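# Report on the structure
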Amino acid sequence: MLDFLLPVFSVIVGLLFSILFFKSKTVNLKLLLTFSGAFLLSTTVFELLPDVYENLNAKYTGVFILSGIVLQIILEFFSKGAEHGHLHHHSASGHRFPWLLFVSLGIHSFFEGFPISAHETIVYGVFIHKIPVAVLIVSYLLSSKISKPKIILFLIAFALLTPFGTLVSKLIEMSNDVYYSINALVIGMFFHISTIILFEADEGHQFNLNKIAAIIIAVCIAFFI
C-alpha cells in the first residue's frame, strides 16, 4: 500500500510546505533538494541498478540508461528543470494552463512509478525526491494567475501519475526484457536528475559543510533502509 500512498503523500507535504512558507525564507529548499538528490541516487545505485544488470544484457542496459538520460534532458527542455529545482516564478505570469510543464512532469512521474512495484526501497527515494519538486511546482502555480481549480487538478494528476505507473507495471503482463528495459530507462532519468542536483547544489559549484552533511546522511539512510 505504501507503494501507492507515499508518492501521493509527498505532493501533499510539498503543498503544505508551500502554503505555510510561500512568502518565507525559513525553508532551505536547496538543502532539501541536495538531500533528495543524494537519497534518490543512492537508492537507485544500491537497489535498482544491480537488479537491472543482473536481469538484462549489460550492453543493452547501458543503452537504455543513456536513453533515459537523453529522455530526461528532452523532458526538462519543456519542464524548465522543475525536476531538479530550476522552475522560476517569473515565468508564471499568465493565465494559460502550463501544458508543456504538465505533460513533461506527467511523463516523468509515470515512468518513475514502474520500478516501485518490485523495489520497495525505491518508493522512499521517489517520496523524498517529489517533496521539493512539489514545493517548487505549488509555489510556481501560486505565483501565476491560473485559477485555483486548475491548480488543484494539476496537483491531483501530478500526485496520481506515479502510483498509476506502479499500477500499470503490476497489472500489465510484460516480458522480463521489457520490464527491465523500462527500469533501465528510469535509472537514466534518476541519474540525470540526481547528479544535476548534486553538481548544482550551490552557486559556483562549491559545496558547503551543510550540503556535504546532507549528502552523507542521505547516503547512509539509503544504505541501511
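The structure we're discussing is the one just above.
In this text the structure is predicted, and so the values were computed from the model without any measurement.

## Things to note about the overall build of the protein
On a plain count of helices and strands, the protein comes out with 8 helices and 0 strands. Scored against the burial criterion, the 225 residues of the protein give a buried share of 48%. Here the analysis covers contacts within the protein between residues at least 6 apart in sequence; of these, 83% occur between residues at least 24 apart. Accessible surface, the protein: about 11300 Å² in total, of which carbon and sulfur atoms supply 70%.

## Regarding helix α3 (residues 58-79)
Across its 22 residues, α3 extends 31 Å between first and last C-alpha, which sits within 8% of the 32 Å expected from 1.5 Å per residue. Restricting attention to buried positions, one finds in α3 the residues T61, G62, I65, G68, Q72, L75, E76 and S79. For α3, the arc enclosing every buried residue in end-on projection is 150 degrees, short of the 170-degree limit, so these residues lie on one face. When the buried face of α3 is taken as reference, the exposed residues oriented beyond 90 degrees from it are K59, Y60, L66 and F77. Contact partners of the buried residues in α3: α2 (29-55), α4 (99-112) and α7 (176-199). Here α3 starts with a cap whose side-chain oxygen sits 2.9 Å from the backbone nitrogen of K59, and that cap is N57.

## Brief notes about helix α6 (residues 148-171)
With 24 residues, α6 extends 34 Å from end C-alpha to end C-alpha; this agrees with the ideal 34 Å at 1.5 Å per step. Taken as a whole, α6 has its buried residues at I151, F154, L155, F158, A159, T162, P163, G165, T166, V168 and S169. Packing partners of the buried residues in α6 comprise α1 (2-20), α4, α5 (120-143) and α7.

## Focus: the packing of aromatic side chains
Inspection of the entire model under this criterion finds 15 aromatic pairs. A centroid spacing of 5.4 Å and a plane angle of 75 degrees characterise the contact between F110 and F114, whose relative ring orientation is edge-to-face. Three or more aromatic residues joined by ring pairs make a cluster, and in this case those are F97, W99, F102 and F154. One residue, K130, lies across the ring of F158, its end atom 3.9 Å from the ring centre.

Cut-offs applied
- Residues numbered from 1 in each chain as written.
- Predicted model: local features only at pLDDT ≥ 70, side-chain atom pairs only at ≥ 80, totals over all residues.
- Heavy atoms only, no water.
- Helix = DSSP H or I, 4+ residues; strand = E, 2+ residues; numbered from the N terminus.
- Buried < 20%, exposed > 50% of the residue type's maximum accessible area, 1.4 Å probe, protein only.
- Contact = heavy atoms within 4.5 Å.
- Areas by Shrake-Rupley, 256 points an atom, 1.4 Å probe, with all protein chains shown as cover.
- Expected span 1.5 Å × (residues − 1).
- Arc of directions from axis to C-beta.
- Polar contact = N/O pair within 3.5 Å; in protein donor to acceptor, adjacent residues only side chain to side chain.
- Phe/Tyr/Trp six-rings, centres within 6.5 Å; stacked < 30°, edge-to-face > 60°.
- Lys NZ or Arg CZ within 6 Å of the ring centre and 35° of its normal.

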